[in-house]
Amino acid sequence: MLGIDFRTGSPNWLDLGSPDPDATAAFYAAVFGWRFVSAGPEAGGYGFFQKDGRTVGAQGPLAEEGAEPAWTTYFQSDDIQATTRDVVAGGGSVRAEPMDVMGEGWLAQYTDPQGARFAVWQPGRTKGLETASEDDTLVWVELHVGDPEAAILFYNGLFGWRSQEMEAPGMTYRVLSIADGDQQEGSFGGVAPLQGDGEDARWVPYFAVADADAVVAKVGESGGSVVMPAANIPDVGRIAWLADPSGAVFAVLKPNPRQG
């Protein structure tokens, strides 16, 4: 599962674009107990979601024309200019060119060849998220695309990721790991085929929770919606797909062996 010892290709940041940041902050406060902290007047409404004083994600207003509310996963790059060249060479596109964020680090935003949006963060003073794989924090990221094998080749060209196939209900699931170290210990996410004609290619963040069913109920009470009801996945845990009031999709996971 995810940690905060970030290396090349590790998920190291997560942020949400919202059309109504105040309402969205109130939603995630109700669901996960997060507190929103502004990054300051010069940040254009951008700020941090914190749990027990540690940053678990971030939020800002929608900045791109035509952009829809969505969570964006960032991966660590040690050379953001080289990563940008590799994205283009691999058939992806650049939505936001590399930029220096006030000395905190460099970011760039991309779309992969199958249409899934993602970003990279090259750390400066800000290394990344301050906690992960605890309750109410990021625990897994999942890519849904029409051609998983082609996607893995693309991202391998950027980050050197490794993958391992595992059988899941109704599909072949591919577990992703960073390039170095023990493959299982370095796992952070997976790739799954699109589920039905209506699903767009996308990265989906999973947040660890103590009780998936309680979170599903809280989402409904707080103005969100259920995309996929809570279900047990053998050897994984209990998961559910949800959406906040603006329609941004995320998932929750009560990992084994805490499943019950």
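The structure this text deals with has already been given above.
Residues numbered from 1 in each chain as written. Predicted model: local features only at pLDDT ≥ 70, side-chain atom pairs only at ≥ 80, totals over all residues. Heavy atoms only, no water.

**Q** Looking at this structure, how should I read the sheet that holds strand β1 (residues 11–18)?
**A** Neighbouring strands of a sheet are bound in pairs by backbone hydrogen bonds; such pairs are parallel or else antiparallel. Across the sheet, eight strands lie side by side as β2-β3-β4-β1-β5-β8-β7-β6; this open sheet has mixed pairing. The two strands at the open ends of the sheet, each matched to only one other strand, are β2 (35–38) and β6 (93–100). Strand-to-strand twist of the sheet, defined as the mean angle between neighbouring strand axes without regard to direction, takes the value 25°. Examined bridge by bridge, strand β3 (residues 47–51) and strand β4 (residues 54–61) share five bridges and lie antiparallel to one another. Opposite Gln-50, over in β4, you have Thr-55 as the bridge partner. Across the face of the sheet, helix α2 (residues 80–89) comes into contact with β6, β7 (105–111) and β8 (117–123) while running at roughly 5° to β7. (Pairing = 2+ DSSP bridges. Helix = DSSP H or I, 4+ residues; strand = E, 2+ residues; numbered from the N terminus. Axes fitted to C-alpha atoms, helices over the stretch in contact; angles between N-to-C directions. Contact = heavy atoms within 4.5 Å.)

**Q** When you look at the environment of Pro-11 in this model, what are you seeing that I'm missing?
**A** In this structure, Pro-11 sits in strand β1. By relative accessible area, which is 4% here, Pro-11 ends up buried. Residues Pro-11 and Ile-178 lie 167 residues apart in sequence; the distance between their C-alpha atoms is 9.5 Å. (Buried < 20%, exposed > 50% of the residue type's maximum accessible area, 1.4 Å probe, protein only.)

**Q** I'm lost on the side chain of Gln-59 in this one. Help?
**A** Mapped onto the elements, Gln-59 comes out in strand β4. A polar atom in the side chain of Gln-59 sits 3.2 Å from the backbone oxygen of Pro-21. Those residues in contact with Gln-59, other than ones at most four positions away along the chain, are Asp-15, Leu-16, Ser-18, Pro-21, Thr-24, Ala-25, Phe-36, Gly-45, Tyr-46, Gly-47 and Phe-49. (Polar contact = N/O pair within 3.5 Å; in protein donor to acceptor, adjacent residues only side chain to side chain.)

**Q** Just to check I follow, could you spell out the nonpolar core for this structure?
**A** Across soluble globular proteins, nonpolar side chains have a tendency to be buried as a group. Grouped together as the largest cluster of nonpolar side chains are 58 residues, with contacts concentrated most on Phe-32, Trp-71, Trp-203 and Phe-250. Sequence-distant contacts of Trp-203, defined by excluding residues within four places in its chain, comprise Trp-71, Thr-73, Phe-75, Ala-116, Arg-117, Phe-118, Val-141, Glu-142, Leu-143, Tyr-155, Trp-161 and Leu-176. Within the second largest apolar cluster, 16 residues are counted, among which are Trp-140, Tyr-173, Ile-239 and Trp-241. (Core = buried A, V, L, I, M, F, W, Y, C linked by side-chain atoms within 4.5 Å.)

**Q** I tried to follow unusual backbone geometry on my own but got confused; where do I start?
**A** The backbone of Met-102 sits at a positive phi, close to 50°, despite the residue not being glycine. The residue Met-102 is located in the loop between β6 and β7 in this model.

**Q** Explanation requested: the pairing of β4 in the structure shown.
**A** Each regular strand displays side chains that alternate between the two surfaces of the sheet. Burial analysis of β4 places six of its eight residues in the buried class, the great majority of the element. Here β1 runs beside β4; their pairing, made up of four bridges, is parallel. Paired with Ser-18 across the strands is Pro-61, a residue of β4.

**Q** I tried to follow the pattern of salt bridges on my own but got confused; where do I start?
**A** Pairing is possible between side chains that carry opposite charge, provided their charged atoms lie close to one another. Within this structure, the stated rule accounts for nine salt bridges. For Arg-174, the salt bridge is made with Glu-149, and the minimal N-O distance between the two is 3.5 Å. Residue Arg-174 is located in strand β11 (residues 171–177), and its partner Glu-149 is located in helix α3 (residues 148–159); the two are separated by 25 residues in the primary sequence. With relative accessibility at 11%, the residue Arg-174 sits in the buried group. Put simply, Lys-218 and Glu-221 hold a salt bridge, and the shortest N to O gap is 3.9 Å. Of this pair, Lys-218 and Glu-221 are both found in helix α4 (residues 212–221), three residues apart, which corresponds to roughly one turn of the helix. One connected set of salt bridges, linked through shared partners, spans Glu-149, Glu-165 and Arg-174. (Salt bridge = Lys/Arg side-chain N within 4 Å of Asp/Glu carboxyl O.)

No statement about biological role is implied by the geometric values presented.
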